[in-house]
Amino acid sequence: TLLMASQLGDVSPFLHWSLAIIAGGGAAGLVQAGSVIARGSTTLLTGGFGNLVVALLELAGAVVMTLMAVFVPFVAVVCLLVGLLLVVRIVVRQRGAKSDLTALPGPRD
């Protein structure tokens, strides 16, 4: 809900929060429906013994997504800084090569 609310531009507060609740609630509803379908089908197919596997997969997915939400922004900043450093090094090397070429004597007329 908050993610949807943050993406909306300059609209009336009523429309802003109404759309945020609908979109956020819809996304949460789809995830919950998927969980219910998965548990229902494993109960039907395995007599309930497969629900442990489904629960463990849900837990693993939640942990992975939480860790990604925390660490991916830091990784992105590090990648950005490394890329910026590489660009600066390339530019400095090219400028150094140009100044070396201008120091060489050219053909005399």
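None of the values given here were measured: they were computed from a predicted structure.

**Structural notes on the overall build of the chain**
Then comes step 1: The secondary structure content of the chain amounts to three helices and zero strands.
Then comes step 2: The N-to-C order of helical and strand elements in the chain reads α-α-α.
Then comes step 3: Out of the 109 residues belonging to the chain, those deemed buried represent 8%.
Then comes step 4: In the structure as shown, the chain presents an accessible area of about 9100 Å², 77% of it carried by carbon and sulfur atoms.

**With respect to the side chain of Thr42**
Then comes step 1: For Thr42, the location among the structural elements is in helix α2 (residues 13–46).
Then comes step 2: Its relative accessible area of 16% is what places Thr42 among the buried residues.

**Remarks on the pattern of salt bridges**
Then comes step 1: Going through the model one piece at a time under the given rule, you end up with one salt bridge.
Then comes step 2: Where Arg39 meets Glu58, a salt bridge forms, and the shortest distance between an N and an O atom there is 3.0 Å. Highlighted residues: Arg39 in helix α2 and Glu58 in helix α3 (residues 51–103), separated in sequence by 19 residues.
Then comes step 3: By relative accessible area, Glu58 is classed as partly exposed at 32%.

**Some remarks on α2**
Then comes step 1: Over its 34 residues, α2 extends 49 Å from the first C-alpha to the last, a length consistent with the 50 Å expected when each residue adds 1.5 Å.
Then comes step 2: Buried within α2 are the following residues: His16, Ala20, Gly24, Ser35 and Thr42.
Then comes step 3: Note on α2: the residue one or two positions beyond its end, Gly47, has a positive phi of about 70 degrees.

**Brief notes about the confidence of the model for the chain**
Then comes step 1: Considering every residue of the chain, the mean pLDDT works out to 82; 82% of them sit at 70 or more.
Then comes step 2: Looking at the elements of the chain, mean pLDDT is at its lowest for helix α1 (residues 2–7), recorded as 60, and at its highest for α3, recorded as 88.

**A short note on the environment of Arg39**
Then comes step 1: Among the residues examined, Arg39 registers a relative accessible area of 32% and is labelled partly exposed.
Then comes step 2: Expressed as a C-alpha distance, the spacing of Arg39 and Gly50, which sit 11 residues apart in the sequence, is 8.1 Å.
Then comes step 3: Once you skip the residues sitting within four places of it in the chain, Arg39 turns out to touch Asn51, Val54, Ala55 and Glu58.

Calculation rules
Residues numbered from 1 in each chain as written. Predicted model: local features only at pLDDT ≥ 70, side-chain atom pairs only at ≥ 80, totals over all residues. Heavy atoms only, no water. Helix = DSSP H or I, 4+ residues; strand = E, 2+ residues; numbered from the N terminus. Buried < 20%, exposed > 50% of the residue type's maximum accessible area, 1.4 Å probe, protein only. Areas by Shrake-Rupley, 256 points an atom, 1.4 Å probe, with all protein chains shown as cover. Salt bridge = Lys/Arg side-chain N within 4 Å of Asp/Glu carboxyl O. Expected span 1.5 Å × (residues − 1). pLDDT = per-residue confidence, 0-100. Contact = heavy atoms within 4.5 Å.

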